[in-house]
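Coordinate analysis (summary)
Listed here are the chains, written in short residue letters.
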Amino acid sequence: MLKKFNIPGIVGLIVAGVIMGPNGFHILERDASIVLFGTVGLLYIMFQAGLEIDMIDFKRYKVRSVVFGTLTFIIPITVGTLVFLYLHDYDIKPAILLASMFAPHTLLAYPIISRLGLSKNEAVTITIGGTLITDTAVLFVLAIIINSTKGTTDAVFWIVMVLKMIAFVGVVLWLFPQIAKWMFKQLESEKGAQYLFVLTVIFAAAFLSELAGMEAIIGAFLAGLALNPLIPHTSPLMNRIEFVGNNIFIPFFLISTGMLVDLKTLFTDTNAMLIAATIIVLSPLTKYAAAFFTQKVFGFSLLQRNLIFGLSSAHAAATLAVVLAGYEIGLLGESALNGAVVLILSSSLVSSLSTEKVGKKLAILESRRKPDLSQKPDKILVPIGNPKTIERLLDLAVMLKNPLHKAPIYPLAVVIDNEHAEEEIYKKNKMLQEAITHASATDNDVQLVSKIDVNVASGILRAIKELMITEVILGWNAKITTSNRIFGSVLDNLLSNTDEMILVCKLIQPLNTTGRLVVIVPTNAELERGFLRWIRAVKLLSTQLGAPIIFRARRRTLNKLKQAVNSSKPAVEATYQQYTSLNEIANMKSELKKDDMVVVISARKKTISYNSNMDYVPRVLSKDYKENSFIVVYPEQYSEHQTVPVKQASMAYEEKEI
């Protein structure tokens, strides 16, 4: 109903809680089940915020996050303490507690940001980081006030608190990822068990956070950061996490929050009305001041400033923790409790409305600024031959697909035209059904393709032409068939008869457990037609896997690589190492870890970057890299009737001379 008035659905759920709760028409009780699911929903919001954050940007903007977190803590708590101390005649401790209610914030409007595709915007990244800073600071202040009221703030208290916090952070950010990587390898085919394991991690981190003297939401957020590199954003597991959270747990949290509002008591308690009015005015003003100064310091746009304000103006979790703790120890009364609940409702309205309005404008602006990385949309063909490799090849295709384009992925089954064709069609169709079931779990479109042809290579080539395919992802059993071929008859025929980018894959490890991408680039690769396209593919893969890239190439090629990588989105963590010859691949094994993936950029014969050593690379990989996943990439090339531009040809000649 509220969406008809352009009011976000988040507000509708909170209002529903007010109307249906015990303080409204009393249709529902705020019983243990509502509280339990609401608590899980709150943890889910914080977990998803940590899970969806761009870790490269998070590390890059950590200083900005600290600055914003400090401003959004100091300004509200300072102004609030002075107001309650001098205007409302509170003592120092209750004044600080009341001010602490609107210093922290909850990422209540984060689902709106996620839906609009703005989760990687710099303003969003520093707001999420700032949430961790300000909430931790507020809970730290709360612990000091509570313990000082009880008379237990000696040196031992401080030492124990710091040690517990260090131990907690170490366990969640170091030990949990190690356990998760091992578990995901064991549970690769058990999708339901993977989701249950993720829930276990969330709850375990929240529990350990409380043991360490902090709020559970801090643990949930750190759990998201810990699992961030292991759960690709386009994976079926991520799709399940978002679906269950956004449609079950988070709505419960919003409804349970609305149930706390007691409008009758609020309007009959003069003191509660004064406190509520003070909080409602001060909270958005101080939060806007923090966003304003952050914008001025770092040169953000007006839209980004308003987005920071919208995201950081909602109060729920830490605010409730502060006021309930103060109420229990007798520093705050019922008036403060009612005022806090009104703050939660009003700030939720302001946050969701502001974020929705600004987010739409920013999303439109960003869509116009995004670079056109390819003239053609991605149309990826995945020939299916071995049922054991279907899931990994489709997962790779989903990760490599440009998120700006909505073209489907094409699983292909080729049946040879002979007396067994009917039986083979039946078998292939069963495999294709498995493919579409798996791919649909990632929320990507899939279009099944079947071909009957004289041989497999001919069927694939015909599909490439008919569907105007841009990339082909092929599985390889890593067996060299004859001495005069690179891979085998099917793959070699494809390389000889198509100009499109082909990725030949041997995926040993689950993709989400990949540690690093080691990319070997030949001399003059920057002169090939498909140079920018394969760079984009490698960067997308790095972003999805949360794996840093190590580029290895000759000096001049490395310089071109740096320029191309740094001048396009998405941002990745990359290092550049110089090598002397492609033959170094044979001696590189000792430098690799088991979870590293090797990506070799190869070339077809008669192209600028081709040299005869490339034909032996697959042999080296199949013989010496049996424990590592690897991909051999044949970039898009010019057709034989096309010629390389004169400038490029002269540059290639100069490079070979050097």
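In short, a report on the structure. (Residues numbered from 1 in each chain as written. Predicted model: local features only at pLDDT ≥ 70, side-chain atom pairs only at ≥ 80, totals over all residues. Heavy atoms only, no water.)

Considering the environment of Ile473
- Along the polypeptide, Ile473 turns up in strand S4 (residues 471-475).
- Of the residues examined, Ile473 reaches a relative accessible area of 0% and is grouped as buried.
- Along the backbone, Ile473 and Ile126 are 347 residues apart, and their C-alpha atoms lie at a distance of 37 Å.
- When neighbours within four sequence positions are excluded, Ile473 is seen to be in contact with Ile380, Leu381, Val382, Pro383, Leu393, Leu396, Ala397, Leu400, Leu503 and Cys505. (Helix = DSSP H or I, 4+ residues; strand = E, 2+ residues; numbered from the N terminus. Buried < 20%, exposed > 50% of the residue type's maximum accessible area, 1.4 Å probe, protein only. Contact = heavy atoms within 4.5 Å.)

Considering the sheet that holds strand S2 (residues 410-416)
- Spatially, S3-S2-S1-S4-S5-S10-S9-S6-S7-S8 is the arrangement adopted by the 10 strands of the open sheet, whose pairing is mixed. Every interior strand has two partners, whereas the edge strands, strand S3 (449-453) and strand S8 (574-578), have only one. Each adjacent strand pair in this sheet contributes to an overall mean axis angle of 20°, direction not counted.
- As paired elements, strand S6 (residues 517-520) and strand S9 (residues 597-601) share 4 bridges and run parallel to each other. Pairing of Ile520 across the sheet is with Val600, part of S9.
- Here helix H19 (residues 456-467) sits on the sheet in contact with strand S1 (380-383), S2, S3 and S4, set at roughly 130° to S3. (Pairing = 2+ DSSP bridges. Axes fitted to C-alpha atoms, helices over the stretch in contact; angles between N-to-C directions.)

Remarks on the packing of helix H8 (residues 155-186) against helix H9 (residues 191-211)
- With their axes 10 Å apart at the nearest point, H8 and H9 run at an angle of 170° to one another. Compared by their axis directions, H8 and H9 come out roughly antiparallel. Residue-level inspection shows Lys164, Phe168, Val171, Val172, Phe176, Ile179, Ala180, Met183 and Phe184 of H8 in contact with H9, the latter providing Gln194, Phe197, Val198, Val201, Ala204, Ala205, Leu208, Ser209 and Leu211. (Parallel < 35°, antiparallel > 145°, perpendicular 65-115°, else oblique.)

Structural notes on a nonpolar patch on the surface
- A contiguous nonpolar patch, built from Ile19, Phe25, Ile27 and Leu28 and spanning about 410 Å² of accessible area, is present on the exposed surface.
- Mapped onto the elements, Ile27 comes out in the loop between helix H1 (9-20) and helix H2 (32-52).
- Residue class for Ile27 comes out exposed when judged on its relative accessible area of 56%. (Patch = residues over 30% accessible without salt bridge, like charges linked within 9 Å, V, L, I, M, F, W, Y side chains within 5 Å. Areas by Shrake-Rupley, 256 points an atom, 1.4 Å probe, with all protein chains shown as cover. Salt bridge = Lys/Arg side-chain N within 4 Å of Asp/Glu carboxyl O.)

A closer look at the environment of Phe292
- Positionally, Phe292 belongs in helix H13 (residues 270-298).
- Exposure remark for Phe292: the relative accessible area of 30% places this residue in the partly exposed category.
- In sequence terms Phe292 and Phe309 are 17 residues apart; their C-alpha atoms lie 8.4 Å from each other.

So, the pairing of strand S7 (residues 549-553)
- By the criterion of burial, S7 is predominantly enclosed, with 5 of the 5 residues buried.
- Crossover connection from S6 via helix H21 (residues 531-545) to parallel S7: handedness right-handed.
- Inspection of the sheet shows S7 paired to S8 by 5 bridges, in the parallel sense. Each residue of the ladder has a partner; that of Arg552, found in S8, is Gln577.
- Taking the sense of rotation as the criterion, the β-α-β connection linking S7, helix H22 (residues 555-566) and S8 turns out right-handed. (Right-handed = clockwise from strand over helix to strand, strands pointing away.)

Topic: the packing of helix H4 (residues 62-86) against helix H5 (residues 92-100)
- At a closest axis distance of 8 Å, the pairing of H4 and H5 adopts a crossing angle of 135°. One finds that H4 runs oblique with respect to H5. Relative to H5, the crossing made by H4 is right-handed. Across from Pro76, Ile77, Gly80, Thr81, Phe84 and Leu85 in H4, the residues of H5 making contact are Ile92, Ala95, Ile96, Leu98, Ala99 and Ser100.
- Split into classes, the residues belonging to the contact of H4 with H5 amount to 9 nonpolar, 3 polar and no charged. (Left-handed = near helix turned anticlockwise from the far one by under 90°. Nonpolar A, V, L, I, M, F, W, Y, C, P; charged D, E, K, R; others polar.)

Concerning the side chain of Ser348
- With respect to the helices and strands, Ser348 occurs in helix H16 (residues 334-369).
- The class for Ser348 is buried, based on a relative accessible area of 2%.
- Excluding its chain neighbours within four sequence positions, the residues that come into contact with Ser348 are Val11, Ile14, Leu108 and Leu343.

Side note on the packing of aromatic side chains
- Scanning all chains against the criterion turns up 11 aromatic pairs.
- Measuring from ring centre to ring centre gives 5.7 Å for Phe292 and Phe293, while their planes differ by 75°; the resulting arrangement is edge-to-face.
- The class for Phe293 is partly exposed, based on a relative accessible area of 42%.
- Taking 5.5 Å as the distance between ring centres and 15° as the angle between the ring planes, the aromatic pair formed by Phe551 and Tyr576 counts as stacked. On the criterion of sequence distance, the pair formed by Phe551 in strand S7 and Tyr576 in strand S8 is long-range, its members being 25 residues apart.
- Classification of Tyr576 as partly exposed rests on a relative accessible area of 22%. (Phe/Tyr/Trp six-rings, centres within 6.5 Å; stacked < 30°, edge-to-face > 60°.)

Section: the pattern of salt bridges
- Under the definition given, this model contains 12 salt bridges.
- Here Glu188 ties to Arg392 by a salt bridge, and the two come within 2.5 Å at their closest N and O atoms. With Glu188 in the loop between H8 and H9 and Arg392 in helix H17 (residues 390-400), this residue pair connects regions lying 204 residues apart in the sequence.
- Lys360 is the salt-bridge partner of Glu356, the closest N and O atoms lying 3.5 Å from each other. Here Glu356 pairs with Lys360, and both are found in helix H16, just 4 residues apart, close to one helical turn.
- One connected set of salt bridges, linked through shared partners, spans Lys181, Lys185 and Asp595.

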